[in-house]
Each structure stands twice: as structure tokens, then as C-alpha cells.
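Understanding the architecture of this molecule
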Amino acid sequence: MISLAVASPGAVPQLREALDDVMRDDLDTLLTETGYHPSGLPALREAVASHYTGLGLPTTPEQILITTGATQALSLTAQLYVRRASPVVVETPSWPGCLDVLLAAGARPRRVALDEEGIRVDGLTGALPGAALLCVTPTFHNPTGTLMSTARRRRIAELAYRHRVPVIEDFAYDTRLTDVPEPPPVAAFSTPDAEVLTIGSLSKAVWGGLRIGWLRGPADTVERLARLKAHADMGTPVLDQALATRLLPRLIDIKRTRASGLLAGLTRLERLLADRLPGWTWQTPTGGSALWARLPDATNAGVFAQIALRHGIEVVPGSATDPSGDHDDHIRVPFALLATRIDDLVGRLHAAWAEMAD
């Protein structure tokens, strides 16, 4: 079975090096303490704060909460802000995991479409009044791979502040394909008293098995979220955090190295799809690790998913990213795979598509 639900490659080689460093230099010190750090290992909070400061967003360790993956950061934020039937503004399409968390918290999504610069301002103007939360994915959008422009980030910050709507900006899908400059986070364009929470993770850039995420926000909000985090699990595993502390200063270089492999996978996937499934269309993404492909003739991707299962492919249909029905003819096709796996995947997709045509 090839699952298209996962768009993550294996671990980067730097992870093994960091593990050796932790075992050699950090383990004895770590084992002499209690191991309880509900807000996160202090050294990791400092490293994440330095990372954001280097991106043009001055940050102190008190503004950082370490979480067990980006999903926990999103879940804690939903727990803080969302009540039953709370209106929450989301992009359409959206990452299904984000929608699942918000719906589980009782949210009523207000969906706003995207354009080539990100979430549309005309849609935000009508959707923000009275909303409990705004969720965006500026770099890079999941599933479309769109990189939100600087102007759009600034406009989002202005509108959210005007309507007093807290913002979640999710950077968990931030895997670049080229050295195109990435604008600063939305939080960099906000006033100090604005409720903008920036979520990050090492899952895509380093390894999905390293369950380290974080949240950056106003110190008082981070403190409230830390109490919720303590109730949930008393803190993320310390050895994982020690690994992340070693990796954070190298994150930009790791992403740059990772990009060459992802770009090769994208090039191979696009060539094979164009050759074997010429009716499928897509926009080449600027980042991320998957294509957002449209099936021809308004084909229902949910029906295609059932046929694809018989060919050993788990397809995520567009309806999982947008329950409104506007993207029912789309599927997400990851390219973060080995070359032979991409060849096998396209072969199976071609066979499933041929069966559907019959």
C-alpha cells in the first residue's frame, strides 16, 4: 500500500549526528534532573526564540511553548479559544488535520478561498467580524503549496487586529524547494499586543518520528497554554527536545539540503504524470512536499479513491480538505518519496484511472 496521506520523507542524516552528540555530551546532565519541563526544555526554548529572532521576529524564550508536534500546538490553541459553535475562519482548501482539531473543539468553520498570494482579503473582510480565531498557513500552504506574499501577510495582521481576532499561523509544512526568499511570519507585521500565535515543527524538515513542535506568541498567552499543556502530558519527552536543541541552529541548512531531494522528486513526479495522466492538471508548488492535482471532467475524487484502493493506493480526496464540495475533483499527490516509489505510484495511479475510465 502506498499512502498519499503522508507527505514526509525519511530522516535527514543530521539527525543521527545530533543523536551521537546528545549521547556523548548531554545525556549525563539530562539524567541528573527530574525530566519535567511542561513549557519545554529551557535550552530548546532559547534555540527556538533565536530561530525566530533570526527570521526578523524578535522573540524571548518566555514567548515559546514546546509541544509534542504541531498538532498538539493547534489542539491546545483550539482548547483555549474555541467554544461550542464558535465561528473560526479557515482557508479552503485546508489541511484535514487542522479541520479535524477545530471541528472536535466545536468550531463552525467560515471558509475563505485562496488566490496566488494566499487567503483572499475580500473573503476575510466578511468572515472576520465576530470570529473566535483565524487559521492560516503562510509558508507553504497545505495542500496547495502556495507561498503567501509579504503584502498579504501584512494585510492579514491589520485586519485581524482591527477585528480583534486571534491568529494561528501554521508553519509545519515549511519545506522549501528553492532558495526563493520567504517573508517573515505574520506576527512580524503585528503590534506587540496582537494575539498572533506562530506554530512550527521539525516533522517535515527533519523527521516525522521526532515529535517536536512549538508555539510562539505573547508571553501571557504562552503561559496560559503551558498550563493546558501540563494538564495534557506534563511535558514533551526530554530526549527528543535535546535532539531538537542540537538541530535548531542548523535548521535553515537542513531545509536547503532537503530541498534538493524534494525538487528532484517533484520533477520526476510531474514528468511521469504529464506522460501517463495527461488530463490531470496542477500548479507547480513553490514549497511543501505534494502536488495538488485536479482530475479532469469534474471527476469525483472520492469515487476514484475507492478504485485506487484496489491498486494499493490510499488517496486523500479533496472533500477531506474542503467539505463544501468545491474541491471534490482534487487529490494531493506527495513527491517526498524515493524515485522507484514515485515510478510505482504513478504506475498504480495510471492503472486505477484506466479502470475508472472503463
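These notes cover the structure that comes with them. (Residues numbered from 1 in each chain as written. Predicted model: local features only at pLDDT ≥ 70, side-chain atom pairs only at ≥ 80, totals over all residues. Heavy atoms only, no water.)

1. Quick look at the side chain of R216
- In this structure, R216 sits in strand 9 (residues 213-216).
- From its side chain, R216 meets the backbone oxygen of P58 in a polar contact 2.9 Å long.
- In contact with R216, not counting residues within four places along its chain, are Y52, L57, P58, T59, Q63, I64, A187, V196, L197 and T198. (Helix = DSSP H or I, 4+ residues; strand = E, 2+ residues; numbered from the N terminus. Polar contact = N/O pair within 3.5 Å; in protein donor to acceptor, adjacent residues only side chain to side chain. Contact = heavy atoms within 4.5 Å.)

2. Focus: the pattern of salt bridges
- Evaluated as defined, the whole model comprises 21 salt bridges.
- As a salt-bridge pair, R111 and D322 come within 4.0 Å of each other at their nearest N and O atoms. Of this pair, R111 sits in strand 4 (residues 108-115) while D322 sits in the loop between strand 11 (313-314) and strand 12 (330-334), and the two are 211 residues apart along the sequence.
- Using a relative accessible area of 35% as the deciding quantity, one classes R111 as partly exposed.
- Salt-bridge contacts for D233 lead to K229; the nearest nitrogen and oxygen are separated by 3.0 Å. Linking D233 with K229, this pair stays in helix 7 (residues 219-233), spanning four residues, or about one helical turn.
- For D233, a relative accessible area of 29% gives the class partly exposed.
- Here the salt bridges do not stand alone but share partners, grouping D21, R24, D25, D26 and R246 into one network. (Salt bridge = Lys/Arg side-chain N within 4 Å of Asp/Glu carboxyl O. Buried < 20%, exposed > 50% of the residue type's maximum accessible area, 1.4 Å probe, protein only.)

3. A word on the sheet that holds strand 5 (residues 118-119)
- With respect to topology, eight strands assemble into an open sheet ordered 2-9-8-7-6-3-4-5, the strand pairing being mixed. Each of the sheet's edge strands pairs with one partner strand only, and the pair in question is strand 2 (64-67) and strand 5.
- With four bridges joining them, strand 7 (residues 167-170) and strand 8 (residues 196-201) adopt parallel strand pairing. The residue bridging D170 from the neighbouring strand is I199, located in strand 8. (Pairing = 2+ DSSP bridges.)

4. What to know about the packing of aromatic side chains
- This structure, assessed with the given rule, holds three aromatic pairs.
- Ring centres of W280 and F304 lie 5.8 Å apart, and the angle between their planes is 85 degrees; on these two criteria the pair is classed as edge-to-face. Here the residue W280 occupies a position in the loop between helix 9 (251-276) and strand 10 (290-294), and F304 occupies one in helix 10 (residues 301-309), the gap between them amounting to 24 residues.
- Overall, W280 belongs to the buried group, its relative accessible area being 3%. (Phe/Tyr/Trp six-rings, centres within 6.5 Å; stacked < 30°, edge-to-face > 60°.)

5. So, the layout of surface pockets
- In this structure, the largest pocket spans a volume of roughly 450 Å³.
- Around the largest pocket sit 24 residues that line it, and S8, T71, W95, N142 and K204 are the ones nearest its centre.
- In terms of residue class, the lining of the largest pocket is made up of 11 nonpolar, nine polar and four charged.
- In terms of lining residues, the second largest pocket is bounded by 19 residues, among which D115, T144, T146, Q283 and W292 are the most central.
- For the lining of the second largest pocket, the elements supplying multiple residues, two or more each, are strand 4 and strand 10.
- A total of three residues in the lining of the second largest pocket trace back to one element, the largest contributor, which is strand 4. (1 Å grid on protein atoms, 1.4 Å probe; cavity = no way out; pocket = protein on both sides within 12 Å on 5 of 7 lines; lining within 4 Å. Points joined across faces, edges and corners; volume = space filled by probe spheres on them. Nonpolar A, V, L, I, M, F, W, Y, C, P; charged D, E, K, R; others polar.)

6. Things to note about empty space enclosed by the protein
- Tallied over the full model, the rule gives three cavities of 30 Å³ or more.
- Looking at the largest cavity, its volume works out to about 110 Å³.
- Elements with a minimum of two residues in the lining of the largest cavity: strand 3 (87-92), strand 6 (133-136) and strand 7.
- Its residues placed into classes, the lining of the largest cavity shows seven nonpolar, four polar and two charged.

7. Comments concerning helix 10
- Within the sequence span of helix 10, burial applies to A301, F304, A305, I307 and A308. All buried residues of helix 10 fall inside an arc of 165 degrees around its axis, so they share one side.
- Lining the buried residues of helix 10 we find strand 11, strand 12 and helix 11 (339-357).
- The N-capping residue of helix 10, defined by a side-chain oxygen 2.7 Å from the backbone nitrogen of G302, is N300. (Arc of directions from axis to C-beta.)

8. What to know about the packing of helix 10 against helix 11
- Running from N to C, helix 10 and helix 11 cross one another at 115 degrees; their axes reach a closest spacing of 9 Å. In this structure, the crossing between helix 10 and helix 11 has a hand that is right-handed. Between helix 10 and helix 11, the residues in contact are V303, F304, I307 and A308 and L349, A352, W353, E355 and M356, respectively. (Axes fitted to C-alpha atoms, helices over the stretch in contact; angles between N-to-C directions. Left-handed = near helix turned anticlockwise from the far one by under 90°.)

9. Structural notes on the environment of L239
- The topology assignment puts L239 in helix 8 (residues 238-247).
- Taking the relative accessible area as the measure of exposure, L239 reaches 46% and is therefore partly exposed.
- The sequence separation of L239 and M23 amounts to 216 residues, and the corresponding C-alpha distance is 9.5 Å.
- Residues within four places of L239 in sequence aside, it is in contact with L27 and L30.

10. Considerations on unusual backbone geometry
- In the segment running from T92 into P93, the intervening peptide bond is cis, with an omega of 5 degrees.
- Cis rather than trans, the peptide bond between N142 and P143 has omega equal to 25 degrees.
- Assignment of secondary structure puts P143 in the loop between strand 6 and helix 6 (150-163).
- One non-glycine residue, M234, lies in the positive phi region at around 65 degrees.
- Mapped onto the secondary structure, M234 falls in the loop between helix 7 and helix 8.
- Using a relative accessible area of 40% as the deciding quantity, one classes M234 as partly exposed.
- The phi torsion at A298 lies on the positive side, around 55 degrees, for a residue other than glycine.
- The topology assignment puts A298 in the loop between strand 10 and helix 10.
- A residue is classified by how much of its surface remains accessible, and A298, at 64% relative accessible area, is exposed.

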